[in-house]
Amino acid sequence: GAVVSQHPSWVICKSGTSVKIECRSLDFQATTMFWYRQFPKQSLMLMATSNEGSKATYEQGVEKDKFLINHASLTLSTLTVTSAHPEDSSFYICSVVAGNILAKNIQYFGAGTRLSVL
Amino acid sequence: AQTVTQSQPEMSVQEAETVTLSCTYDTSESNYYLFWYKQPPSRQMILVIRQEAYKQQNATENRFSVNFQKAAKSFSLKISDSQLGDTAMYFCAFMKPPPISGTYKYIFGTGTRLKVLA
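Thresholds, definitions, all that
- Residues numbered from 1 in each chain as written.
- Chains lettered and ligands numbered in written order.
- Predicted model: local features only at pLDDT ≥ 70, side-chain atom pairs only at ≥ 80, totals over all residues.
- Heavy atoms only, no water.
- Helix = DSSP H or I, 4+ residues; strand = E, 2+ residues; numbered from the N terminus.
- Rg over C-alpha atoms; globule rule 2.2 N^0.38 Å.
- Buried < 20%, exposed > 50% of the residue type's maximum accessible area, 1.4 Å probe, protein only.
- Contact = heavy atoms within 4.5 Å.
- Areas by Shrake-Rupley, 256 points an atom, 1.4 Å probe, with all protein chains shown as cover.
- Buried area = accessible area lost by both parts, 1.4 Å probe.
- Salt bridge = Lys/Arg side-chain N within 4 Å of Asp/Glu carboxyl O.
- Polar contact = N/O pair within 3.5 Å; in protein donor to acceptor, adjacent residues only side chain to side chain.
- Pairing = 2+ DSSP bridges.
- Disulfide = S-S within 2.5 Å.
- Patch = residues over 30% accessible without salt bridge, like charges linked within 9 Å, V, L, I, M, F, W, Y side chains within 5 Å.
- Axes fitted to C-alpha atoms, helices over the stretch in contact; angles between N-to-C directions.

## A closer look at the overall build of chain A
If you tally the helices and strands in chain A, you get 0 helices and 11 strands. Ordering the α and β elements of chain A from the N terminus gives β-β-β-β-β-β-β-β-β-β-β. For 118 residues, the compact-globule estimate of 2.2 N^0.38 gives 13 Å, and the C-alpha radius of gyration of chain A, at 14 Å, lies within 12% of that figure. If one aligns the C-alpha atoms of chain A with their principal axes, the spans along those axes are about 40 × 25 × 20 Å. In chain A, which comprises 118 residues, the proportion classed as buried is 51%. Summarising the internal contacts of chain A: among those between residues at least 6 apart in sequence, 55% fall at separations of at least 24. Of the roughly 5600 Å² of accessible surface on chain A, 53% is carried by carbon and sulfur atoms.

## Re the interface of chain A and chain B
Accessible area lost upon the coming together of the parts is a frequently used measure of interface size. Opposite the 24 residues of chain A that make contact, chain B presents 21 residues. A combined buried area of about 1900 Å² lies between chain A and chain B, and 56% of that area is made up of carbon and sulfur atoms. In terms of surface lost to chain B, no three residues of chain A exceed Ser-43, Asn-105 and Phe-109 of chain A, which account for 28% of the buried area on that side. At the junction of chain A with chain B, the criterion picks out 1 salt bridge. Here Glu-59 of chain A and Lys-105 of chain B are joined by a salt bridge, their closest N and O atoms 3.0 Å apart. The tally of links from chain A across to chain B stands at 8 residue pairs in polar contact (both at pLDDT 80 or more).

## Looking at the pattern of salt bridges
Within the structure shown, the criterion is met by 8 salt bridges over all chains. If you follow the salt bridges from partner to partner, you end up with Arg-50, Glu-52 and Lys-55 of chain B in one network.

## A look at the pairing of strand β12 (residues 112–117) of chain B
Residues and elements named next belong to chain B. In β12, alternate side chains face the same way, and those of Thr-112, Leu-114 and Val-116 are buried while those of Arg-113, Lys-115 and Leu-117 on the opposite face are not. Across 5 bridges, the pairing between strand β2 (residues 10–14) and β12 is parallel. Residue pairing across strands places Glu-10 opposite Arg-113, the latter belonging to β12. As defined by bridge partners, strand β10 (residues 88–95) adjoins β12 across 3 bridges and the pair is classed as antiparallel. Pairing of Ala-88 across the sheet is with Leu-114, part of β12.

## Some points on the state of the cysteines
Residue and element names in this part refer to chain A. Within this structure, the stated rule accounts for 2 disulfides over all chains. There is a disulfide in this structure between Cys-23 and Cys-94, and the S-S distance comes to 2.0 Å. Residues Cys-23 and Cys-94 share a disulfide whose torsion about the S-S bond is about 80 degrees; that sign makes it right-handed. Residue Cys-23 is located in strand β3 (residues 19–25), and its partner Cys-94 is located in strand β9 (residues 90–98); the two are separated by 71 residues in the primary sequence. Each member of the pair, Cys-23 as well as Cys-94, carries the same accessibility label: buried.

## A word on a nonpolar patch on the surface
Together, Trp-10, Ile-12 and Leu-118 of chain A give the surface a local cluster of nonpolar side chains, amounting to about 380 Å² of exposed area. You can see Ile-12 of chain A is positioned in strand β2 (residues 10–13).

## A look at the side chain of Gln-6 of chain A
Residues and elements named next belong to chain A. One can find Gln-6 in strand β1 (residues 4–7). From its side chain, Gln-6 meets the backbone nitrogen of Gly-112 in a polar contact 3.1 Å long. Of note is the side chain of Gln-6, whose polar atom sits 3.0 Å from the side chain of Thr-113.

## Topic: the sheet that holds strand β8 (residues 76–81) of chain A
Paired through backbone hydrogen bonds, the strands of a sheet run either parallel or antiparallel to each other. Residue and element names in this part refer to chain A. The antiparallel open sheet is built from 4 strands, whose spatial order is β1-β3-β8-β7. Of all the strands in the sheet, the pair left with one neighbour each is β1 and β7 (67–73). Between one strand axis and the next, the sheet turns through 15 degrees on average, direction left out of account. One ladder, built from 6 bridges, connects β3 with β8; its direction is antiparallel. Each bridged residue has a counterpart across the sheet, and for Cys-23 the counterpart in β8 is Ser-77.

Written out as structure tokens, the structure is:
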């Protein structure tokens, strides 16, 4: 099956610093990637849709200047949490939709990144 | 707007027994896709099964099968011969096929935490 690599799996940072999370599609070209946030024992909350070569589309209530998304290639999207604060501590998950198996409309997920802001 | 409801926050089942997780959704669309994803303690989201709304036949994947009732907007997951490794959070997801230049957003339910007992 499709493989999505997300790095790092866990990061601890000081308040006020920025953290970058990478999402790589290893097996296929991903024209669309998604970024989710998940609080403990809750469902996934879509933050933004990342399209290769264009600006990301953010969901209502998500600060685009806070959560910077870059999708510079068909295999890599990054999420940067700028000036992180303790309330940004959460589990962040990326997913990809493969351009060559569009008919299946399946999202393949990364293993997630646990962000802890001190 | 589409909504997905999972009315069972937690369930438990004895090993080797059968369990059914419920999912209902609300949409005015006639063509869409439904998914069940599993999130084990590792938090890696794994696709369990997928159903296209235009197909009357219920999808099956080994021990996993669905009961898709389009008129009732119901999409339940049946797990047969439950195994300890089935212990996980299970999310139901709805996806409306995008227009030509659109995206593949999922709408997730709130999840059902399933515990398989030895």
